[in-house]
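Read off the chains here:
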Amino acid sequence: MMRIAAAILSAGMALGATTASAQEWPSKTIKLVVPYAPGGYTDSVARIAARYLEKELGQTVIVDNRAGGGGIVGSDIVAKSPGDGYTLCICSVGAISVAPVAQTTSYDPVKSFKPVSIVSTIPQTVIVNPSLPINTMQDLVTYAKANPGKLSYGSSGAGGLMHYSVQLFDARNGTKMTHVPFKGGSPATAAVVSGEVNLSFTNMTDALPQMEANKVRALAVTSAKRNEFAPQLPTVSETVTPGYSVESWNGVMAPASTPDPIIAKLSDVLKKMAADPEMKKSMAVVGASTVFTTPEEYKAQIAAEVEQWRALLKEIAEKKN
Amino acid sequence: MTDVFAALGHGFAVAATPINLFFCLAGAICGTLIGVLPGLGPVATISLLLPATYALSPVSAIIMLAGIYYGAQYGGSTTAILVNIPGESTSVVTAIDGYKMAQQGRASEALAIAAIGSFIAGCIGTVVIALLGPPLALMTQQFASPDYFSLMVLGLVSAVVLANGSAFRAIAMIFLGLLLGMVGMDLNTGEARMTFGLVELSDGINFVALVMGLFGVAEVISNLEGASVRIVNKMRIGTIWPSFKALRGAWGAVLRGTALGTLFGILPGGGATIASFSAYALEKRVARDRSRFGNGAIEGVAGPESANNAAAQTSFVPLLTMGIPTSATMALMVGALTLHGIAPGPMIISRQPDLFWGLIASMFLGNAMLVIINLPMIGIWVRLLAVPYRLLYLVIVVICAIGVYSVNNSSFDVYMTVGFSLLGYVLRKLDAEPAPLLMGFVLGPMVEENFRRSLITSHGDPMIFLQRPISLALLLVSAALLISIMMPAVRQRRVEVFQE
């Protein structure tokens, strides 16, 4: 009897503690986990965001790099952290929407997290080596169809977004290009410059400097809409593959057990951040556009992306058999 | 040519402002310190200090961060020489003869030649960037996967030369290293290999954990078991300045090491490591008396140390001329530049001349500062050896643990260090040297990656390795080296046959 009473009492206290902490949140240092190595694109976004959050929330926000397994290790750490609002993740599309479909992860992209808001998005840019007689997306499809398996594309590694976006493109256009994986997006872009591979669907951050120096020829962006940093580039969707949309995002996510009041408070801050002119300027430097989504929109987007990649993998597997 | 000097003059004007001089010095000191602490590498330090640079101008920030990077190359040799713990892959070979020199009471001689060699190499490397940066960068563009594969093969063959004991054991160690290097995600399929379902292993075994275990802690264990604990403690500490004779024996090694380092440093992926290993192998090849190697040959310290510092300077070439980072540290520099609002790329020299030439000028100043900081420090470092070993080893073990943890903030890596310490102790008992193992571990994944990528791009045709001139030349050099290693053994057997 006493034991049950104690259990109820402690459960009640725990509940009380949760609500109290949600009201006072944040009352101590917040850890923002970056599941990638320092210096990369996600890391830059996280550090820019951390500076803003620190100012708005009045608490120290430390960036904690937990790289490994293409973002799986760090995302997993956050999924398993206590949901008290003091461990957050700047997660990215690769480890959340692609990896759980392509390989086994111990977290579920929809159930293990409470998404708060997407912070920034960046499209991929279709770049080809300038020595190729390919000047438009139509040229690319025609050339690829005439020479099946001959065009090679560089990616950041098997099962990464740079790999899957081309697989999706191949599936939609009936083309077949040869996959050449690299260790990261930056060496894959360098390989397009040197001509070791013919093309790549590469992150805009990596593509822009090489485009300016005419080291690569850019054909299109992979997002649904044209991009503000290269408005002259058409989208893949408007040229050859209607409905094609692949975009890389970084967003703030919390462990699934985080109380809703904390999510709501954080959502408000991130909404302000997306509209902040200073933030827009800082994000533009890394080639990113600031974005705000409500937790519900964010959750729906992740679910839709997981579905898209799952369907593609099934399609590819069926073709092989 | 006059353009270059005018630009360089402008660079000195930028670098020599009091504020930039201060941050250059701060970076150099910080780099030396983290270089000395085993395991704590420039990547961890630069990422920690990145937020602190927000308030600085981009030029000051990059000058300081670069100072940390090449400063760490000076400091990295210190623990390799004094306590047989190489802080980074580039100082693994320094430990072979450097530590022997320390045991013979010649620690200060080894440290001095490391600092002087690094200084000369750093200056020459910087001149090369200033004069030849952009054309050299274009040259690296000629290197494709088949050429890298052949370069790595050359590296593996040189690893046999590294060994001072039996060639058979060396080859066995290289293969053990190759096997350890297989752990992790398969690049082409994304499947996990030999990870036993541990996510922590999906990016492979942590290099620092492997080195700290095999070298550092294993050394401590075997020192503690012997009654004659550390001969070095009883030896005289010696003078700081190496004798004229010692220097004369080393200058050739410094120049050869610098040449190799300058060349290999420009190549992406492991260039600096290959440079230091091949510098050691080269010294051993050209030496008249090879038996001195592994027993405290000063060239065995001078060559690799010069090579790794030259490589540290020239590894900035691809970053500054093309915006392509060649290592984790360089990727961090890209991050630092973008956070400061500069997108590194092919246009950086024309758009940011202050940054490019200021950084180059600061490298001259930084190297001069480093040699001035490091030479007097030698006395202090060497005196550390006088600390009773029962106290010293505790400090070594604790610092190793902190260093390993700091790489990925992962306690899993610390447990791995414990495992590798036991392995290292067993290998030591079997007279198997860990240096060739590390060479296999570092090169193995690169060999595989480039081999498979070559075959993908050639659609499965292995002739691609012989059709490309760079690759063919490298393979021929490897074959020649392999034959020259085998020849003495063959000749010896023939002599034996004749005697019978």
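Residues numbered from 1 in each chain as written. Chains lettered and ligands numbered in written order. Predicted model: local features only at pLDDT ≥ 70, side-chain atom pairs only at ≥ 80, totals over all residues.

Chemist: Teacher, can you tell me more about the overall build of chain A here?
Modeler: Each helix and strand counted, chain A has twelve helices and ten strands in total. For a compact globule of 321 residues, the expected C-alpha radius of gyration is about 20 Å, and chain A comes in at 21 Å, within 12% of that figure. A principal-axis box enclosing the C-alpha atoms of chain A has dimensions of 80 × 50 × 30 Å. By the burial criterion, 51% of the 321 residues in chain A qualify as buried. Look at the contacts in chain A between residues 6 or more apart in sequence, and 75% of them connect residues 24 or more apart. (Helix = DSSP H or I, 4+ residues; strand = E, 2+ residues; numbered from the N terminus. Rg over C-alpha atoms; globule rule 2.2 N^0.38 Å. Buried ≥ 20, exposed ≤ 12 C-beta atoms within 10 Å, placed from the backbone. Contact = placed C-beta atoms within 7 Å.)

Chemist: What is the right way to read the interface of chain B and chain A from this model?
Modeler: Often, the extent of an interface is quoted as the loss of accessible area upon association of its parts. Opposite the 36 residues of chain B that make contact, chain A presents 39 residues. When contributions to the side of chain B that touches chain A are tallied by element, the ones reaching two or more residues are helix 15 (328–339) and helix 20 (434–457) of chain B. The greatest single-element share of the side of chain B that touches chain A, amounting to seven residues, is contributed by helix 15 of chain B. Broken down by class, the residue content of the side of chain B that touches chain A amounts to 18 nonpolar, 15 polar and three charged. (Nonpolar A, V, L, I, M, F, W, Y, C, P; charged D, E, K, R; others polar.)

Chemist: I keep staring at the nonpolar core and nothing clicks. Help me out?
Modeler: Soluble globular proteins tend to pack their nonpolar side chains together in the buried interior. In terms of nonpolar packing, the biggest core is built from 244 residues, with Ile62, Leu65, Ile81, Leu162 and Met439 of chain B touching the most fellow members. When residues in this core are grouped by element, the largest group, 16 residues, is from helix 4 (residues 58–83) of chain B. Among the domains, domain 1 (28–122 + 248–312) and domain 2 (123–246) of chain A are the pair contributing at least three residues each to this core. If near-sequence neighbours (up to four positions away) are discounted, Leu65 of chain B is found in contact with Gly27, Ile46, Thr53, Met333 and Ala336 of chain B. (Core = buried A, V, L, I, M, F, W, Y, C linked by C-beta atoms within 7 Å. Domains from an automatic or database assignment.)

Chemist: Which parts of the structure should I look at to understand the domain arrangement of chain A?
Modeler: Residues and elements named next belong to chain A. Domains assigned within chain A are domain 1 (28–122 + 248–312) and domain 2 (123–246). On a C-alpha basis, the centres of domain 1 and domain 2 stand 26 Å from each other. In this assembly, 15 residues from domain 1 lie in contact with 16 residues from domain 2. Every element with two or more residues in the side of domain 1 that touches domain 2 is listed here: helix 4 (93–102) and helix 12 (295–320). Per-element accounting of the side of domain 1 that touches domain 2 gives the leading share, five residues, to helix 4. A per-class count over the side of domain 1 that touches domain 2 returns nine nonpolar, six polar and no charged.

Chemist: How do you make sense of the packing of helix 6 (residues 107–140) of chain B against helix 17 (residues 353–384) of chain B when you look at a structure like this?
Modeler: When two helices pack together, their arrangement is given by the angle between their axes and by how far apart the axes lie. All names here are of chain B. Viewed as axis vectors pointing N to C, helix 6 and helix 17 meet at an angle of 180 degrees, and their least axial separation amounts to 9 Å. Comparing the axis directions of helix 6 and helix 17 gives the class roughly antiparallel. Judged by residue contacts, Ala107, Ser108, Leu111, Ala112, Ala115, Ile116, Phe119, Gly122, Cys123, Thr126, Ile129 and Ala130 of helix 6 engage Ile360, Met363, Phe364, Asn367, Leu370, Val371, Asn374, Leu375, Ile378, Trp381 and Val382 from helix 17. Of the residues that constitute the contact of helix 6 with helix 17, the class distribution is 18 nonpolar, five polar and no charged. (Axes fitted to C-alpha atoms, helices over the stretch in contact; angles between N-to-C directions. Parallel < 35°, antiparallel > 145°, perpendicular 65-115°, else oblique.)

Chemist: Honestly, the packing of helix 1 (residues 2–15) of chain B against helix 17 of chain B in this entry has me stumped. Any pointers?
Modeler: All names here are of chain B. The N-to-C vectors of helix 1 and helix 17 enclose an angle of 75 degrees; their axes lie 7 Å apart at closest approach. Judged by the angle between their axes, helix 1 and helix 17 are roughly perpendicular. On helix 17, the residues that touch Ala7, Leu8, His10, Gly11, Phe12, Val14 and Ala15 of helix 1 are Pro353, Asp354, Trp357, Gly358, Ile360, Ala361, Ser362 and Leu365.

Chemist: Looking at this structure, how should I read the environment of Thr90 of chain B?
Modeler: All names here are of chain B. Note that Thr90 resides in the loop between helix 4 and helix 5 (92–103). Thr90 gets classed as buried once you count the C-beta atoms within 10 Å, which come to 29. Expressed as a C-alpha distance, the spacing of Thr90 and Leu466, which sit 376 residues apart in the sequence, is 30 Å. Excluding residues within four positions of it along the chain, Thr90 makes contact with Gln73, Gly76, Ala272, Thr273, Ser276 and Asn308.

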